[in-house]
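Read off the chains here:
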Amino acid sequence: MRYRRLLLLSPLGGLAGLARGPAVAAGVEEPLSDAMRLLLRQRWVAAAPALAVSPERQEQQARTMAALVRWVPEPVLRSELTTHLWYEAQRAGLSVSWMLGLIEVESGFRKHAISYAGAMGYAQVMPFWTRLIGDGDVSALLRTQPNLRYACLILRHYLDQERWDLTLALGRYNGTRGETSYPERVLQAAARWRAIHEAG
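First things first, this report covers the structure right here in the doc. If you're wondering where the values come from, they're calculated on a predicted model, not measured in any experiment. (Residues numbered from 1 in each chain as written. Predicted model: local features only at pLDDT ≥ 70, side-chain atom pairs only at ≥ 80, totals over all residues. Heavy atoms only, no water.)

This part covers the overall build of the chain. Counting its secondary structure elements, the chain contains eight helices and three strands. Starting at the N terminus, the α and β elements of the chain follow one another as β-β-α-α-α-α-β-α-α-α-α. Out of the 200 residues in the chain, the part that is buried amounts to 47%. Taking the contacts inside the chain whose residues are at least 6 apart along the sequence as the reference set, 59% of them involve residues at least 24 apart. (Helix = DSSP H or I, 4+ residues; strand = E, 2+ residues; numbered from the N terminus. Buried < 20%, exposed > 50% of the residue type's maximum accessible area, 1.4 Å probe, protein only. Contact = heavy atoms within 4.5 Å.)

Right, let's get into the pattern of salt bridges. Per the counting criterion, the structure on display carries seven salt bridges. A salt bridge links R172 to E162, with the nearest nitrogen and oxygen atoms 3.4 Å apart. One end of the pair, R172, is in helix α7 (residues 166–174); the other, E162, is in the loop between α6 (144–161) and α7, with ten residues separating them in the sequence. Accessibility classification places R172 together with E162 in one group, the buried group. Residue E162 is classed as buried on the basis of its relative accessible area, which comes to 10%. Salt bridges linked by common partners bring E162, R172 and R177 together as one network. (Salt bridge = Lys/Arg side-chain N within 4 Å of Asp/Glu carboxyl O.)

What follows deals with the packing of aromatic side chains. Evaluation of the coordinates by the stated rule reveals six aromatic pairs. Ring geometry for W71 against W193: centres 5.7 Å apart, planes inclined by 40°, an arrangement best described as tilted. Here W193 lies in helix α8 (residues 181–198) and W71 lies in the loop between α2 (55–68) and α3 (75–92), a separation of 122 residues in the sequence. Residue classification places W71 among the partly exposed residues on the basis of a relative accessible area of 23%. Looking at W193, the relative accessible area reads 2%, which means it is buried. Measuring from centroid to centroid gives 5.8 Å for F109 and W193, while their planes differ by 70°, and the two rings are edge-to-face. One end of the pair, F109, is in the loop between α4 (96–107) and β3 (113–115); the other, W193, is in helix α8, and 84 residues separate them in sequence. (Phe/Tyr/Trp six-rings, centres within 6.5 Å; stacked < 30°, edge-to-face > 60°.)

Glancing now at the packing of α2 against α3. Where α2 meets α3, the closest approach of the two axes is 10 Å, and the angle between their N-to-C directions is 135°. Between α2 and α3, the angle falls in the class oblique. For α2 against α3, the interelement crossing comes out right-handed. Residues R57, Q60, Q61, T64, M65 and L68 of α2 touch α3, and the partners they reach there are P75, R78, S79, L81, T82, W86 and Q90. Classifying every residue of the contact of α2 with α3 gives five nonpolar, six polar and two charged. (Axes fitted to C-alpha atoms, helices over the stretch in contact; angles between N-to-C directions. Parallel < 35°, antiparallel > 145°, perpendicular 65-115°, else oblique. Left-handed = near helix turned anticlockwise from the far one by under 90°. Nonpolar A, V, L, I, M, F, W, Y, C, P; charged D, E, K, R; others polar.)

Before going further, it helps to spend a moment on the nonpolar core. Formed by 44 residues in total, the largest nonpolar core has its most connected members in L102, V125, W129, L155 and Y173. Counting residues per element, the ones that place at least two in this core are α3, α4, α5 (128–132), α6, α7 and α8. The leading source of residues in this core is α6, at eight residues. (Core = buried A, V, L, I, M, F, W, Y, C linked by side-chain atoms within 4.5 Å.)

Okay, the environment of A123 next. Relative to the elements of secondary structure, A123 occurs in the loop between β3 and α5. Separated by 28 residues in the primary sequence, A123 and A151 have C-alpha atoms spaced 6.1 Å apart. Every residue in contact with A123, bar those within four places of it in the chain, is listed here: L102, I103, E106, N147, A151 and Y173.

The subject of this paragraph is the packing of α2 against α8. Closest axis-to-axis distance for the α2/α8 pair is 8 Å, and the angle between their directions is 125°. Taken together, α2 and α8 sit at an angle that is classed as oblique. Every pair of crossing elements has a handedness; the one defined by α2 and α8 is right-handed. Only W193, I196, H197 and E198 of α8 make contact with α2, whose side of the interface consists of Q60, R63, T64, A67 and L68. Broken down by class, the residue content of the contact of α2 with α8 amounts to four nonpolar, three polar and two charged.

The following block contains the structure:
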C-alpha cells in the first residue's frame, strides 16, 4: 500500500504539522464535455430550498457531533462541519454516512489538510475542480462549505457516470478506479457512521 503525507496548514496558512495518511490520489482530471461542465456549474451555483430538519435528523446530527469529538475537538468547527455536511449531502442526494466515511479516509477530518498532490481540505478536493465547475477560487477549498459542496457534487457526478456503482464512483473520486482498497476503506468507515446515526 502506498502512503502520502498530508501537510496540515493552520487557518493563517502556516505549516502546523506533518502527518502520515493513506495513499489517495484525490482524483484525476478527466475531460468534461461542455454540456457536462455547464450542468455541474449550474448545480454548483443553484439555490437550494431550505431543507427541513426533522426531530429524528436533529438527533442523528447530535450523535454525529458527539462522535466527531475524537477528530474535531473544537465545538465551533465540529458544529460547522456537521451542519454543512448534512446540508450539502442532502442537497446532492447522497448518504451522509458515505461522505463521513470519505472524509475520514481522505483527511481524518482535518480542515486544512493539503496533500503533496495538491488535494485540499476535509474531502481532499483537487484544485482543478474550482476551474472546471466553480469560480476558480482555490482558497475556497480550505473553507468548510465550499469544500463539502465540491466533494458532494463530484461524488454525485461520478455516481451518475458509474450508474450508481459506489465502488467505482469512489475509485474515480480517488483516482484509483478499478482498485478496491480505497472504496473498501471508505465503505467500512461509512458503515461505522451509519451505525452511529441509527443508534438510540
